[in-house]
Amino acid sequence: ALKDSNRALEIKPTSKGYYRKASALIGLRRYSEAVTTCDVGIPMVAGSTADFVQLRNEAERLARETHNDDDSDDDEADSDDDDDSEEEEDSDYDDSEDDEDEDAEAERMAELAERRARIFEQRREQAENAAAERLAAEAAEKAKSFERRNTRDKAPAPSAPDAAW
């Protein structure tokens, strides 16, 4: 998804491309990059920025949480430096399970980001369609009003014998 969004942005930079790129970056747990991408894309949004701002806030929250988790991990590592038996256990640990879990999580997050991007696009299209329908209804009403006014103004005055009937 990230490669696709980068390619799309190379061809034509749009808010939609930046939204998809930010979603993909969140899926890859690259939260600070996602925040920066949102900051670039939000000013390009033609309509409501609510979904984009929500995505940015989510990325920012996750970046803070990840940063806080990293800080607590550093504190724990400092207190555990003298424990040799724990280091031996860690050296025997197989990282392939973690890699698989991370890959599965990244894939799940990417799918979630794609789903959010589709929902965002559907809502944008619905808003555009609703606006177009409102404009069409207003134009039709103005046309009817104009037609009624012109018909009333151009109606012939009744002649004297017709007025008696």
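Residues numbered from 1 in each chain as written. Predicted model: local features only at pLDDT ≥ 70, side-chain atom pairs only at ≥ 80, totals over all residues. Heavy atoms only, no water.

## A word on the packing of aromatic side chains
Taken as a whole and judged by the stated rule, the model has two aromatic pairs. With a centroid separation of 5.3 Å and 90 degrees between ring planes, the pair formed by tyrosine 19 and phenylalanine 52 is classed as edge-to-face. Residue tyrosine 19 is found in helix 2 (residues 15–27), and its partner phenylalanine 52 is found in helix 4 (residues 50–79); the two are separated by 33 residues along the sequence. A relative accessible area of 4% places tyrosine 19 in the buried class. Residues tyrosine 19 and phenylalanine 120 carry aromatic rings whose centres are separated by 4.5 Å and whose planes lie at 10 degrees to one another, so their mutual orientation is stacked. Here tyrosine 19, found in helix 2, pairs with phenylalanine 120, found in helix 6 (residues 96–154); they are 101 residues apart in sequence, far enough to count as distant. Taken together through their ring pairs, the aromatic side chains of Tyr19, Phe52 and Phe120 make up a single cluster. (Phe/Tyr/Trp six-rings, centres within 6.5 Å; stacked < 30°, edge-to-face > 60°. Helix = DSSP H or I, 4+ residues; strand = E, 2+ residues; numbered from the N terminus. Buried < 20%, exposed > 50% of the residue type's maximum accessible area, 1.4 Å probe, protein only.)

## Quick notes on a negative patch on the surface
A contiguous patch of negative charge on the surface is contributed by Asp4, Glu100, Asp101, Glu102, Asp103, Glu107, Glu111 and Glu114. With seven residues, helix 6 is the single largest residue contributor to the negative patch. Position of glutamate 107 relative to the elements: it lies in helix 6. (Patch = residues over 30% accessible without salt bridge, like charges linked within 9 Å, V, L, I, M, F, W, Y side chains within 5 Å. Areas by Shrake-Rupley, 256 points an atom, 1.4 Å probe, with all protein chains shown as cover. Salt bridge = Lys/Arg side-chain N within 4 Å of Asp/Glu carboxyl O. Lys, Arg positive; Asp, Glu negative; His and termini not counted. Charge placed at Lys NZ, Arg CZ, Asp CG, Glu CD.)

## A closer look at helix 2
Side chains that are three or four residues apart share a direction in an α-helix, a result of its 3.6 residues per turn. Across its 13 residues, helix 2 extends 18 Å between first and last C-alpha, which sits within 8% of the 18 Å expected from 1.5 Å per residue. Buried residues dominate helix 2, accounting for ten of its 13 residues. Buried within helix 2 we find Ser15, Gly17, Tyr18, Tyr19, Ala22, Ser23, Ala24, Leu25, Ile26 and Gly27. Immediately beyond the C-terminal end of helix 2, within one or two residues, lies arginine 29, with a positive phi of roughly 65 degrees. (Expected span 1.5 Å × (residues − 1).)

## So, the side chain of serine 15
Among the structural elements, serine 15 can be located in helix 2. Taking the relative accessible area as the measure of exposure, serine 15 reaches 17% and is therefore buried. Leaving out residues up to four positions away in the same chain, serine 15 has contacts with Gly41, Met44, Val45 and Phe52. (Contact = heavy atoms within 4.5 Å.)

## Side note on unusual backbone geometry
A positive phi angle is found at arginine 29, which is not glycine, with a value near 65 degrees. Note that arginine 29 resides in the loop between helix 2 and helix 3 (31–41). For arginine 29, a relative accessible area of 43% puts it in the partly exposed group.

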